[in-house]
Amino acid sequence: NAGVTQTPKFRILKIGQSMTLQCTQDMNHNYMYWYRQDPGMGLKLIYYSVGAGITDKGEVPNGYNVSRSTTEDFPLRLELAAPSQTSVYFCASTKGAGVTDTQYFGPGTRLTVL
Amino acid sequence: AQSVTQLGSHVSVSEGALVLLRCNYSSSVPPYLFWYVQYPNQGLQLLLKYTTGATLVKGINGFEAEFKKSETSFHLTKPSAHMSDAAEYFCAVSATGFQKLVFGTGTRLLVSP
């Protein structure tokens, strides 16, 4: 059971380039989340999804887009990379929405924009 | 809006010593509180959580935390530190009963032999 997997592990982008961060979970979880973690800061929620075809904004959605075409996959798209998007990105998932559920996190993608 | 404050970005202890990581929260409604641990180059892992009921919560790896409403605190403790406890610890809060968590800035625990 792989849990939550993320690719790539590392990436360097030039300003203005675009890329997609991949996230896949094999636990049949309905809810999925994207966070960013800046140095010395806590995680901030970018987007989340309550099921296939349904997404919503989190605290810091600007500069990002998401889609959820299947239960398993929740890719995060950066269209025009900016230095401010240099961060570590984590994907997570839960079975349900309540606080009694546990968020399972992927290992993260470290992104540098130069 | 809810928030959490973690006092001390770094805490150093000796192996075998008491671990105390501090977390204070701000919430206009009864909060749900969490502690997560992040080992180097890994994602976050849930240590424990308080939702309702008993205010002393026991988690994995010998950690526990006590919800104190009067002090708006949810400090994390472990009686005896192990080298393997060296990691970053995050306190988080949800005031909505939903998984949209607000995280603190984290405390890095350093354990020396």
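This is a predicted model, so every value here is computed, not measured.

(A) Expanded view of the overall build of chain A. The helix and strand inventory of chain A stands at 0 helices and 11 strands. Across chain A, helices and strands are ordered from the amino to the carboxyl terminus as β-β-β-β-β-β-β-β-β-β-β. Here the C-alpha radius of gyration of chain A, 13 Å, is about what a compact globule of 114 residues would show, namely 13 Å. Seen through its C-alpha atoms, chain A measures out along the principal axes to roughly 40 × 30 × 25 Å. In chain A, buried positions account for 46% of the 114 residues. Of the contacts made within chain A by residues no fewer than 6 positions apart, 55% connect residues no fewer than 24 positions apart. Element-wise, carbon and sulfur atoms account for 52% of the exposed surface of chain A, whose accessible area totals about 5300 Å². Here chain A contributes 10 positively and 8 negatively charged side chains, and the mean placements of these two sets differ by 9 Å.

(B) Here's a closer look at the overall build of chain B. Scanning chain B for helices and strands turns up 0 helices and 11 strands. Secondary structure elements in chain B, listed N-terminal to C-terminal, are β-β-β-β-β-β-β-β-β-β-β. Along the longest, intermediate and shortest principal axes, the C-alpha atoms of chain B span 40 × 30 × 20 Å. Within the structure as shown, chain B displays about 5200 Å² of accessible surface, and the carbon and sulfur contribution to it stands at 53%. For chain B, the separation between the mean place of its 8 positive charges and that of its 6 negative charges on side chains is 8 Å.

(C) Up close: the pattern of salt bridges. A complete count under the given rule lists 6 salt bridges over all chains for this structure. For Asp38(A), the salt bridge goes to Arg36(A), with nearest N and O atoms at 2.9 Å. One salt bridge in this structure joins Glu88(B) and Arg108(B), with 2.8 Å as the shortest N-O distance. One end of the pair, Glu88(B), is in strand β9 (residues 87-94); the other, Arg108(B), is in strand β11 (residues 107-112), and 20 residues separate them in sequence. Residue Glu88(B) is classed as buried on the basis of its relative accessible area, which comes to 13%.

(D) Broad picture of unusual backbone geometry. Following Thr7(A), the chain continues to Pro8(A) via a peptide bond in cis, the omega torsion being -5°. As for its placement among the helices and strands, Pro8(A) is situated in the loop between β1 (4-7) and β2 (10-13). For Asn41(B), which is not glycine, the phi torsion reads 60° and is therefore positive. Turning to its location among the elements, Asn41(B) is positioned in the loop between β4 (32-38) and β5 (44-50). Its relative accessible area of 71% is what places Asn41(B) among the exposed residues. Although it is not a glycine, Thr72(B) adopts a positive phi angle of roughly 45°.

(E) Focus on the packing of aromatic side chains. What the rule picks out here adds up to 10 aromatic pairs over all chains. Centre to centre, the rings of Tyr35(A) and Phe103(B) are 5.7 Å apart; their planes meet at 90°, and the pair counts as edge-to-face. Residue Tyr35(A) is found in strand β4 (residues 31-37), and its partner Phe103(B) is found in strand β10 (residues 102-103); the two belong to separate chains. Of the two residues, Tyr35(A) and Phe103(B), neither departs from the other in class, the shared state being buried. Measuring from centroid to centroid gives 5.7 Å for Phe105(A) and Tyr36(B), while their planes differ by 80°, and the two rings are edge-to-face. Residue Phe105(A) is located in strand β10 (residues 104-105), and its partner Tyr36(B) is located in strand β4; the two belong to separate chains. Both residues of the pair, Phe105(A) and Tyr36(B), count as buried. These aromatic residues form a ring-pair network of at least three members: Tyr33(A), Tyr35(A), Phe105(A), Phe34(B), Tyr36(B) and Phe103(B).

(F) Examining the interface of chain A and chain B more closely. Contacts between chain A and chain B engage 24 residues on the former and 21 residues on the latter. Surface buried jointly by chain A and chain B totals about 1700 Å² across both partners, of which 59% is contributed by carbon and sulfur atoms. If you look at where chain A meets chain B, you find 0 salt bridges. At the level of elements, β4, β5 (43-51) and β9 (87-94) of chain A are the ones that each hand at least two residues to the side of chain A that touches chain B.

Rules behind the numbers
Residues numbered from 1 in each chain as written. Chains lettered and ligands numbered in written order. Predicted model: local features only at pLDDT ≥ 70, side-chain atom pairs only at ≥ 80, totals over all residues. Heavy atoms only, no water. Helix = DSSP H or I, 4+ residues; strand = E, 2+ residues; numbered from the N terminus. Rg over C-alpha atoms; globule rule 2.2 N^0.38 Å. Buried < 20%, exposed > 50% of the residue type's maximum accessible area, 1.4 Å probe, protein only. Contact = heavy atoms within 4.5 Å. Areas by Shrake-Rupley, 256 points an atom, 1.4 Å probe, with all protein chains shown as cover. Lys, Arg positive; Asp, Glu negative; His and termini not counted. Charge placed at Lys NZ, Arg CZ, Asp CG, Glu CD. Salt bridge = Lys/Arg side-chain N within 4 Å of Asp/Glu carboxyl O. Phe/Tyr/Trp six-rings, centres within 6.5 Å; stacked < 30°, edge-to-face > 60°. Buried area = accessible area lost by both parts, 1.4 Å probe.

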